[in-house]
Every structure is written in C-alpha cells, then in structure tokens.
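Residue-level structural notes
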Amino acid sequence: MDPEHQLLFFFSAIGAFNGLFLSIYFAFFVKHRNKANYFLSALMLVISVRIIKSVFLFFYPSISELFIHIGLVACALIGPFLYLYVKNTTSRKNYRSRHWLYHIVPTVLAMIIIEYLYPYKQYRSYWLLSATFSIGKFLYAQWIIYILLSGIVIKDAFASLIKKGKKLTDEEIWLISLVVGVAIIWIAYNTTGYISYLAGALSFSFIFYLMLLLWFFKRKKATPFFFAVQTKYANKRIEADEVTGILSRLHTLFEQNGLYKKPDLKLADIADELDIPSHQLSQCLNDNLGKGFSTYINEYRVKEAEKMLVSNHHLTVEGIGYECGFSSKSTFYSAFKNIKGTTPAKFKKENT
C-alpha cells in the first residue's frame, strides 16, 4: 500500500475506532445509565462496524464473508437505533420495556435471511447501489426512512433552528447534530464512488464533532441529557393511579423474580424493567413509602434472610447474607440491625 493509500486508510479507520470508544463509554462508564444511553451506545457501535467493514473491504477484498455480513447487518441497524435513541430521549410516554425489539428483531432476521440467500461475494451485483434493482437500494431506503422519522420527532428543534430569535437548548443542539451527522454519512455512501474513503473520513469528522460537543457541555456543566435520565418532569407530582400501578408492578417484580437477590442491582436497572425514568421511581418510593431505593431493597433482602436464618442450617450467617443479595458481610450486618434492631447471628440464635 503506497503512502497516499495508507493515509486514506488511517483517516477512514480512525473515526470508526473513535466511535467504538464512544460506544463503550456510553454503555459502561456513564454514571447514570438508562435505556437511551444503551441506544446511543448501540448507534455508535453499528456506525463504527459499518465503516470498518467498508474500509477493510475496499483495501482488503479477501476479508472474511462473515465480517462482511456483520457489517451489512450493522448498516441495517443504524436507522432503527438512531430513531429509538431520539424517540426515547424526547418522548414523555413510558413505552413497554420490549417495544424496541419491534424495530430491531425483524431487521436482524430479514438481513440474516437475505444474506443467507444472496451472499455478498457470490451475488455482489445484487448489493451494488449502481444496479437497476439491488438489495443495497432497499437497505439505504430503510436507513433514510428512519432518519426522516427521527427528524420528524425533533421537528420543533429544527423549526427553532430556522426561526430567528429562538434559542436552541443543549438537548436540541445535540439531537440535531446526531441526526444531521448520520444523514451526512448516508449521503456520502449514496453520492460518491469513493465511498470507503469519503464515508470513513466523514465518520471521523462526525464522531470528532460529537466528542467536542461532549467536552463543551461538560465544560458548561450543562445537564448531561444524553448520560442521565431526563429530569424535565422530575418535579411534577405523580398521579395517584400511576403510583398504585408502579408500586404494584414493583412488588410483583420483586416477589416473582427475586431481583433483590442481585448484589449489583441499581435503581436504573429496576426503572428500566418497569420502563419508567429513574427519577420517577425514586420519587414514587420517597413520596409514597417514605424510603429510598436502598432501604426498600434491603427490606426485601432482610425479610428473605430472616426465613433462611431460621430454616437453613447448611449455610453460615455470612453465606445467607450473600444469598439474599448483600455484597459484603458488613452491609448485611448493618442493614439487618437497622431494620430488625439486632444482629443476624443473635436473631438466628434466638429463633432456632
């Protein structure tokens, strides 16, 4: 590979790897994670995989067929994950926790079937955008439809952008940048013969721009809306019937599934299971039960520990604490004494 091509390869690939870095960051290192974070992480991931596939296929045409198929599936998922992130970030509705599967599962299954029937290397002409009829055209049509749907969701933000004297919020700037950035990558793939070069370079610029926005918002100490659950309606009182529904579903979730036994269980995990914002679950517990999440979950754990201390003669006291979801001996003893007024060992001695 000559120096010119090496430079093109470098700039085409570096954006994709920056995207992988952001994907990992949004998924694992954000302090307050919610469903929107995971959609954003998935979006960064599929964009990166799509670009990496294009770059390596252009420079190394003999790459694995499986690698090509993974890249094509990733391409089909860019639109759905963009839409799901934008919709989840802006909507006031509480969608069912599995609602997103209706966008993802059919797309993945369709791509697996198509690629099984028409492998890329064997039926390459069926995939090329230059062909009169091609799978690639339907793939990119699906992508642009989701981009347009995402644009419709934030149409008010675009209207504010055009309207004079109307100031955009940080959230609106972020979402507009995201949708426009994905649209630019789509345009690059559809309007140039040097798709691997241009789309890779544009991806680098796009990801780098997002990183600058991230830095800018953190410097401003603005609300990190793409990291945490939205707090627009945090101060709004929850209706009585909604509270009843939340608490009933929460009780069922704990009683039937025993989720409290997971030692690393977080408020955001339960909120995601209930498909409500974390702040709403926290507000519901504090305003209606007068207790925080840690107290609520520890009460379940201590109740289970009581039963096991009396009936289980095989495990040690510490072992029972671990079985009930406590992450250490000290937290078990502390929570048990706060709730029952005695230590687990003393309770066991008095009741057996």
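In what follows, the structure referred to is the one given above.
First things first, this report covers the structure right here in the doc. As the structure is a prediction and not an experimental result, all values here were calculated from the model.

Here is what the cut-offs are and how they apply
Residues numbered from 1 in each chain as written. Predicted model: local features only at pLDDT ≥ 70, side-chain atom pairs only at ≥ 80, totals over all residues. Heavy atoms only, no water. Patch = residues over 30% accessible without salt bridge, like charges linked within 9 Å, V, L, I, M, F, W, Y side chains within 5 Å. Areas by Shrake-Rupley, 256 points an atom, 1.4 Å probe, with all protein chains shown as cover. Salt bridge = Lys/Arg side-chain N within 4 Å of Asp/Glu carboxyl O. Helix = DSSP H or I, 4+ residues; strand = E, 2+ residues; numbered from the N terminus. Buried < 20%, exposed > 50% of the residue type's maximum accessible area, 1.4 Å probe, protein only. Phe/Tyr/Trp six-rings, centres within 6.5 Å; stacked < 30°, edge-to-face > 60°. Lys NZ or Arg CZ within 6 Å of the ring centre and 35° of its normal.

**Structural notes on a nonpolar patch on the surface**
A cluster of nonpolar side chains, contributed by I113, Y116, L117, Y118 and Y126, occupies part of the molecular surface with about 570 Å² of accessible area. Ranked by the residues each element gives to the nonpolar patch, the list is headed by helix α4 (residues 101–117), at three residues. On the secondary structure map, Y116 appears in helix α4. Classification of Y116 as exposed rests on a relative accessible area of 70%.

**Some thoughts on the packing of aromatic side chains**
For the structure shown, the criterion picks out 14 aromatic pairs. Seen from their ring centres, F39 and W100 are 6.2 Å apart, and the 65° between their planes marks the pair as edge-to-face. One end of the pair, F39, is in helix α2 (residues 35–59); the other, W100, is in the loop between α3 (65–90) and α4, and 61 residues separate them in sequence. Residue F39 is classed as buried on the basis of its relative accessible area, which comes to 6%. You can call W100 partly exposed: its relative accessible area is 27%. Ring plane angle 45° and centroid distance 6.1 Å describe the contact between F254 and Y260, whose orientation is recorded as tilted. The same class applies to F254 and to Y260, which are both buried. In textbook terms, an aromatic cluster arises when at least three aromatic residues are bridged by ring pairs, as seen for F326, F332, Y333, F336 and F347. Over the face of the ring belonging to Y120 we find K53, whose NZ or CZ atom lies 5.7 Å from the ring centre. A cation sits over an aromatic face here: R301 above F326, 5.7 Å from the ring centre.

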